[in-house]
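# Topology and contacts: notes
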Amino acid sequence: MHAITIPEPGGPEALVWDEVPDPVVGEGEVLVDVVATAVNRADILQRQGFYDPPPGTPPYPGLECSGRVAQVGPGVSGWAVGDEVCALLSGGGYAEKVAVPAGQLLPVPEGVAVDRAAALPEVVCTVWSNVFMIAHLRPGETFLVHGGSSGIGTMAIQLAKAVGAKVAVTAGTKEKLERCAELGADILINYREQDFVAELREATDGKGADVILDNMGAKYLDRNVQALAVNGRLVIIGMQGGVKGELNIGALLAKRAAITATTLRARPVEEKAAIVAAVREHVWPLVAAGHVRPVIDREIPMPDAAEAHRIVEDSSHIGKVLLVTPS
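Residues numbered from 1 in each chain as written. Predicted model: local features only at pLDDT ≥ 70, side-chain atom pairs only at ≥ 80, totals over all residues. Heavy atoms only, no water.

## A word on helix α4 (residues 174–183)
- Turning to α4, its buried residues number three or more, namely Lys 176, Leu 177, Cys 180 and Leu 183. The arc that holds every buried residue of α4, seen down its axis, measures 115 degrees, which confines them to one face. Relative to its buried face, α4 has exposed residues pointing more than 90 degrees away, namely Lys 174, Glu 175 and Glu 182.
- For α4, the elements touching its buried residues are α3 (151–162), β9 (166–171) and β10 (187–190).
- Of the residues trailing α4, Gly 184 is marked for its positive phi of about 125 degrees. (Buried < 20%, exposed > 50% of the residue type's maximum accessible area, 1.4 Å probe, protein only. Helix = DSSP H or I, 4+ residues; strand = E, 2+ residues; numbered from the N terminus. Arc of directions from axis to C-beta. Contact = heavy atoms within 4.5 Å.)

This is the structure we're talking about:
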């Protein structure tokens, strides 16, 4: 088969479409013929040499994929050759084939084309596990997501609205904020021109956000705490703004607030399977009913992954950028 390899870390040009050995299907795994994958920030970090795959994971980037079952391994039930699926991966999605633990497979939702389904697993599992399983966002609460026009952001808006929350977003352009509004965002904040703490307080009569989903890390830490409501929950899932910040514990105590930091990629297989099962139970019906949908900026042939990485690094996209395997 062919896959995107990284002979040496570097810029987008470091991504090389090359012939590699086929994956071997182990106990409890399913082999998937990949139709498409999606670009995530973690893929860029891996390409740059900053985020190695977990042990036992294929060396190729790609944290999600969609395709068709090509082989069912020993000890697997409930899946058959030819089934259209999408999957949460620890790596290996930038390839024509990938072996997936059966617990990380999802059926392609009703009404979604198999290629477009590649935009779902990573963002849905990330949002559901953090915003709902950890932060317990409830109807009527205010939810702030930074980077509202990103893949994570566009999914977070839709899921938060589906449960009856009030949604605030930050984004850097008028066009991106307009797209967020189309998805249901109520409070639109241009982080280049406005202070999100002040804007959020004004829009909530001084209360702030009950739940914040943050991809920036250190840069936003202090202001995120300022933006939290009493009993608020801040969940940090990224470090785009740095890894070390100063925390005012007094402000946190005064608000009886909580901060959680999580990653998804390195979690044990059992934890990922539990998240995937929860997504299938709670989110897939919303997708099938049309209440939640993948937001896709464009599709690019997988051999041209370098172009896709440049687009994502420039933040010129809205939603997900997909890589499609050659026919």
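## Remarks on the sheet that holds β9
- In space, the six strands of this open sheet follow the order β10-β9-β8-β11-β12-β13, with parallel pairing throughout. Taken across any chain shown, the strands that pair with only one partner, and hence form the sheet edges, are β10 and β13 (258–261). Each strand of the sheet is rotated relative to its neighbour by a mean of 15 degrees, with strand direction disregarded.
- With four bridges connecting them, β9 and β10 associate as parallel partners. The partner of Ala 171 across the bridge, within β10, is Asn 190.
- The strands that α3 touches are β8 (142–145), β9 and β11 (209–214); relative to β8, the one it contacts most, it runs at about 170 degrees. (Pairing = 2+ DSSP bridges. Axes fitted to C-alpha atoms, helices over the stretch in contact; angles between N-to-C directions.)

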